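What follows is the residue order along each chain.
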Amino acid sequence: MKKPELLAPAGDLEKLKIALMYGADAVFIGGKAFSLRARASNFGLDDIKEAVNFAHTHGKKVYVTVNIYPHEEDLEGLIDYLKALEARDVDAIIVASHAVMRAAKRHTALEVHISTQQSITNHMAANFLKDEGAERVVLAREVSLDGLKTLAPNTSMELEVFIHGGMCVSYSGKCTLSNTMTDRDANRGGCAHSCRWEYDLFKDNELLNKTEPFSMASKDLQTVHHISKLIDIGVDSLKIEGRMKSIHYIATVVNTYRRLIDSITEEIEPSIPRYLLDIKKAENRLTSDGFMRGMTTIEQQLYNMRSEHPTQAFVGIVKAFDATNRTLTMEQRNYFKEGSLLERFSPNEETLTFEVRNLRTTEGEALEVARHPKQMLMMDAPFSMTPYDILRKVQS
Amino acid sequence: MKLYVKSDQESLDSLLDKEIDGVILGVHPYAQRMRNTYTLNDLKPLIDKVKAAKKEVWLTMNAIIHEADIEALEYIFKQIKDLPIDGLMFADLAIAKLAKTHGLLNKLVYDSETYLTNSEDVSFWQAQGIKAVVGARQLTIEDIEIINNKSSMPFAMQLHGYVNMFHSARPLIETFFRHTGDVSPEKHNENYLKLVEHQRREEPYPIYQDAFGTHVFRSKPMHAFNDFERVKNHVDYFIVNTILYDAPRVASIVDDLIKANKEGVNDALLKKYIDHDEGFLHKKTVYNEGGGNR
């Protein structure tokens, strides 16, 4: 049984390290140029070098998105940028535009992955791009499991499939709602997510949506139930979306899929209910399985508009552990207090609970509550912890 | 500059009497956002009629092709290669792959709607050996001029008619009405409805659902009369999109375009199209943080 790569998003270096430590085999990041998700805190070339060094040291990979559809004025500097990425040893670039693919193949030896912005839905299109030198295609989210079963054996192209995160409602790359409504080019990093706004629907002058706004919005993707089938089909890479998500989200989602993939490929019966519970600990929107079972229905759509349920469970991240004094130092992220019941979530250790005791500042000042984000705090630790362990409140 | 009109049986006779250069007909079930589409058997007499009128004919197969469609697509493609057509418009790269196999690359016209945005994209397709490319709908007139100046390949633009701005595979209209408890949600599918965003009530967007999913168009159809001379200098194929127009309106528009081509554009003509806009010709869209009002 082939073990697929688990590919995670990383909006900055901290998220990249978290993603890799919590079980991703590879991460995808955006550079400061030529990348969508313009508001993500993208990587400069020095950051990319550091990211690649960190990943390669741990035997993992870094892919860089170069996935805008450039207009003529955007082409300036493209070749130099691609060469700079090559010089920094990135493992692949993710491109949408034929122009960018062509430039990469002509001027560098970079491995090229075709972005989902190309909306590739069949093996013939994949094979066309294979002929042009692309090594992998990130398939459209509209491809179902049945479609994949036929597609996969008919191409030698590596296949990457989204398994978790936000979804375009439109075919990706085909939408100019944002261009029209906000003057922001969705294919150059400016998507305003207009498909998630509230609308009315009229026939002539008759309002058809009488009880609630017309919504086109989609639930996020979540495919815990389908990972086994994706592995059986032989998909090469399973991708989590969300370069702008928090480190807690990335750690939780990545680690859940890591353990699920490992249990399937090691032929240990996976505990699906457990994984579903674990993944819900990430701050999250409502989820569905997208197009996995075929055409979408009510189940995949989002009709109670405000679906985000930001959890306050993530209270901090461990920065240091003093084994002699059994004390931990952590960076605060959400409110908690002396006596709160926390759990230590670690990439390679069992999740354990403990009660906050002797909460204090790093200067030793006793605290009743921790209410300042990013404040460095100390407390007693009943068991050993390691940097990047995540602390979260146990939900009653 | 050649004038091509997306056509159907209803409008064909009228169009063939006019000084247009060619028509575009949709191949069922692989053409979308057309007034009508036709099986190959139904297309053959239409193609013959166009050729008898000494006009050119392009077919369009601009659908996104899913794996389940591939076998039937190959069957149809084998028959298309024997038809006396002058061009075959496509969006999905599966068609390009098939055309390579069947020696039809020189008939292909790439029309992805949003992907072809620069002269290097044109060079990519020129190297493939296809006939022409259609520029992305969101190009400005300056973009068009720059691309054409840097390219030697025939360049087409859809420059009149409704502009599609959103295509979802999802049956969004039917699903919504199922959600609200409508007992027969499918009745809304084929009606041309209007989508209204709460902060843009003056801009109703045409929306409909069909076998390809849900399509949303810009509020107003576009025209290019203000830039007609610039367009003539930089566009080889001027395409008229006829969806959401009725046949008499199509005929009237085509008459106006022919007249503009011969005599130039006057104020009366511009006034006639006051209910249209200029698409993206003068609407440069870039990423601008805070630029949107959301």
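Residues numbered from 1 in each chain as written. Chains lettered and ligands numbered in written order. Predicted model: local features only at pLDDT ≥ 70, side-chain atom pairs only at ≥ 80, totals over all residues. Heavy atoms only, no water.

Undergrad: Got a minute to help me understand the overall build of chain A in this structure?
TA: Counting its regular elements, chain A contains 10 helices and 21 strands. Its C-alpha atoms give chain A a radius of gyration of 22 Å, near enough to 21 Å, the size a compact globule of 396 residues would have. By its C-alpha atoms, chain A is 60 × 60 × 45 Å across when sized along the principal axes. Carbon and sulfur atoms form 48% of the exposed surface of chain A, whose accessible area is close to 14,900 Å². Distance between charge centroids for chain A: 1 Å, based on 49 positive and 55 negative side chains. (Helix = DSSP H or I, 4+ residues; strand = E, 2+ residues; numbered from the N terminus. Rg over C-alpha atoms; globule rule 2.2 N^0.38 Å. Areas by Shrake-Rupley, 256 points an atom, 1.4 Å probe, with all protein chains shown as cover. Lys, Arg positive; Asp, Glu negative; His and termini not counted. Charge placed at Lys NZ, Arg CZ, Asp CG, Glu CD.)

Undergrad: Looking at this structure, I do not really get the interface of chain A and chain B. What am I missing?
TA: A common measure of how large an interface is: the accessible area buried when the components associate. If you look at the interface, chain A gives 79 residues, while chain B gives 74 residues. The contact between chain A and chain B buries some 6,900 Å² in all, and 60% of this surface belongs to carbon and sulfur atoms. Contact with chain B buries area across many residues of chain A, yet Glu72, Met124 and Lys174 of chain A alone supply 11% of it, more than any other trio. Counting every contact that joins chain A to chain B gives eight salt bridges. Linking aspartate 200 of chain A and arginine 201 of chain B is a salt bridge whose minimum nitrogen-to-oxygen distance equals 3.0 Å. (Contact = heavy atoms within 4.5 Å. Buried area = accessible area lost by both parts, 1.4 Å probe. Salt bridge = Lys/Arg side-chain N within 4 Å of Asp/Glu carboxyl O.)

Undergrad: Whenever I open this one, the sheet that holds strand 9 (residues 206-207) of chain A confuses me. Can you help?
TA: Either a parallel or an antiparallel arrangement is found when strands of a sheet pair, and the pairing is made through backbone hydrogen bonds. Ordered by their spatial adjacency, six strands build an open sheet running 9(A)-8(A)-10(B)-11(B)-12(B)-9(B), and the pairing between neighbours is antiparallel. Pairing within the sheet leaves two strands with one partner each, and these edge strands are strand 9 of chain A together with strand 9 (164-168) of chain B. The sheet contact formed by strand 8 (residues 199-203) of chain A and strand 10 (residues 193-197) of chain B spans four bridges and is antiparallel. Note that in strand 10 of chain B the partner of phenylalanine 202 of chain A across the bridge is lysine 194 of chain B. In the packing of helix 7 (residues 172-179) of chain B onto the sheet, the strands contacted are strand 8 of chain A together with strand 9, strand 10, strand 11 (205-210) and strand 12 (213-217) of chain B, and the crossing angle to strand 11 of chain B comes to about 85°. (Pairing = 2+ DSSP bridges. Axes fitted to C-alpha atoms, helices over the stretch in contact; angles between N-to-C directions.)

Undergrad: What exactly am I supposed to notice about the sheet that holds strand 21 (residues 390-393) of chain A here?
TA: Residue and element names in this part refer to chain A. Pairing is antiparallel across the open sheet formed by seven strands, whose spatial order is 17-16-21-13-14-20-18. Sheet topology places strand 17 (352-355) and strand 18 (360-361) at the edges, where each strand pairs with a single neighbour. Of the pairings in the sheet, the one linking strand 13 (residues 314-322) to strand 21 comprises three bridges and is antiparallel in character. The partner of glycine 316 across the bridge, within strand 21, is leucine 391.

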